[in-house]
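Structure assessment
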Amino acid sequence: MNDTAQKHLHRVELKSKEYKSNLSPVWCGGCGHYGVLTGLLRALSELGVDPNFLVNVSGIGCSSRLPYFVQSYKMHTLHGRAGPVATGLQLARPDLAVVVTGGDGDGFSIGGGHMPHLARKNVNMTYVLMDNHIYGLTKGQVSPTSRKIMKGYTTPYGGVDDPMDPVLYVLTYGASYVGQAFAGNVKMTAQLIKDGMEHKGFAFINVLSQCPTFNQIDTAAYFKSVVNEAVTDHDVSDLDAAIHTVNMAIREERVPTGLLYRDERPTLDERMAALVEHVGGHPDYDLRKIIDLSRP
Ligand SMILES: Cc1ncc(C[n+]2csc(CCOP(=O)(O)OP(=O)(O)O)c2C)c(N)n1
Ligand code: SF4
């Protein structure tokens, strides 16, 4: 049996407030990211994850400041690069629980080239994306998830592009756990993060998170109205059904929330370990044998 974070999740008993670091969030009043932080702290407490074996990795943005507020090891990396950094960490230490937190600009604009590979390789991590349909920290430019009608800092007359859908994207690329929630529903957010952390493989959770400072159209009330009519009663082990649910929702301008898809398949670290075993690899391997291969 290979090492996986789940089987070796180091457990402790801590209340959710004990997972808070001694730094206070720097977000604006009413920002949806508070709900995501509360959901994550609750999930960590319910799972009883030992903070000494937990690493929270982020990119750049308001959302990427989240690790500062969590009692864990952490890495605040570069814009769009949290995924690859977390992949390296996970492969080096498969016994750690790896959680990525970041924004829609971070994950699907500059980081969009990495996302398919996290999904298809089934890297064992939980990716929590705070989707506020805008670039918050840089003061309100359109993101890949902005609705066309949004007038952003760089699009004063509205956008010219249609938005992309984060959950459809990761489903298509083979993510093995996909969920979606609204930050105002802390209970569902916490539950999806908890299940995602227990899941073995790439767990992606898209959380609609309002930015009251810069996004005046995708308000908490707007998000609440579109998720209220959500339909997620399909078989979650059926990929076609999950994709169909999301496609139908996009057409009807609704947002399906809850668990959308889950399957079990070997993770990248498991496949790497199996390969090492297959070729008889071990730490004392004589590296001169490799150098000898290139001798004339
Ligand atoms: C390489 C690079 N490009 C651009 C920036 C400027 N920048 C800082 S935050 C950010 C985007 C923030 O938007 P998002 O990721 O959606 O997170 P939010 O702030 O909305 O939570 C950008 C482009 C940067 N820091 N680094
Ligand atoms: S600018 Fe927007 S995303 Fe950033 S902290 Fe303020 S409300 Fe939140």
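Preceding this section is the structure that the text describes.
This section reports on the structure supplied with the text. (Residues numbered from 1 in each chain as written. Chains lettered and ligands numbered in written order. Predicted model: local features only at pLDDT ≥ 70, side-chain atom pairs only at ≥ 80, totals over all residues. Heavy atoms only, no water.)

Thoughts on the side chain of Asn 122
Counting through the fold element by element, Asn 122 comes out in the loop between helix H4 (115-120) and strand E4 (125-131). Residue contacts for Asn 122: discarding those within four places in its chain leaves Ser 176, Lys 200, Gly 201, Phe 202, Arg 265, Pro 266, Thr 267, Leu 268 and Arg 271. (Helix = DSSP H or I, 4+ residues; strand = E, 2+ residues; numbered from the N terminus. Contact = heavy atoms within 4.5 Å.)

Let's talk about the site of ligand 1
Taken together, 17 residues lie near ligand 1, and Cys 62, Ser 63, Gly 105, Asp 106 and Gly 136 sit nearest. Contact between ligand 1 and Asp 106: an oxygen atom at 2.8 Å from a main-chain N or O atom of the residue. Considered on its own, ligand 1 offers 590 Å² of accessible surface; in the complex 73% of this is hidden by protein. When residues in the shell around ligand 1 are grouped by element, the largest group, four residues, is from helix H3 (residues 104-110). Its residues placed into classes, the shell around ligand 1 shows six nonpolar, nine polar and two charged. (Near = heavy atom within 4 Å. Polar contact = N/O pair within 3.5 Å; in protein donor to acceptor, adjacent residues only side chain to side chain. Areas by Shrake-Rupley, 256 points an atom, 1.4 Å probe, with all protein chains shown as cover. Nonpolar A, V, L, I, M, F, W, Y, C, P; charged D, E, K, R; others polar.)

Thoughts on helix H9 (residues 268-278)
An α-helical turn contains 3.6 residues, so any two residues separated by three or four positions project in the same direction. Within the span of H9, buried status applies to Leu 268, Asp 269 and Glu 270. Lining the buried residues of H9 we find helix H2 (82-92). Looking one or two places after H9, you find Gly 280, whose phi comes out positive at around 70°. (Buried < 20%, exposed > 50% of the residue type's maximum accessible area, 1.4 Å probe, protein only.)

Thoughts on the packing of aromatic side chains
One pass over the structure, following the stated rule, counts ten aromatic pairs. Pairing Tyr 169 with Tyr 173 gives two aromatic rings, centres 5.2 Å apart and planes at 55°, and the pair type is tilted. In this structure Tyr 173 comes out as partly exposed when scored by relative accessible area, which is 39%. A centroid spacing of 5.9 Å and a plane angle of 50° characterise the contact between Tyr 222 and Phe 223, whose relative ring orientation is tilted. Take Tyr 222 and Phe 223: they sit in the same class, and that class is buried. What links up through ring pairs into an aromatic cluster is the set Phe 108, Tyr 127, Tyr 169, Tyr 173, Phe 202 and Phe 204. (Phe/Tyr/Trp six-rings, centres within 6.5 Å; stacked < 30°, edge-to-face > 60°.)

Spatial relationships are all this shows, so hold off on functional conclusions.
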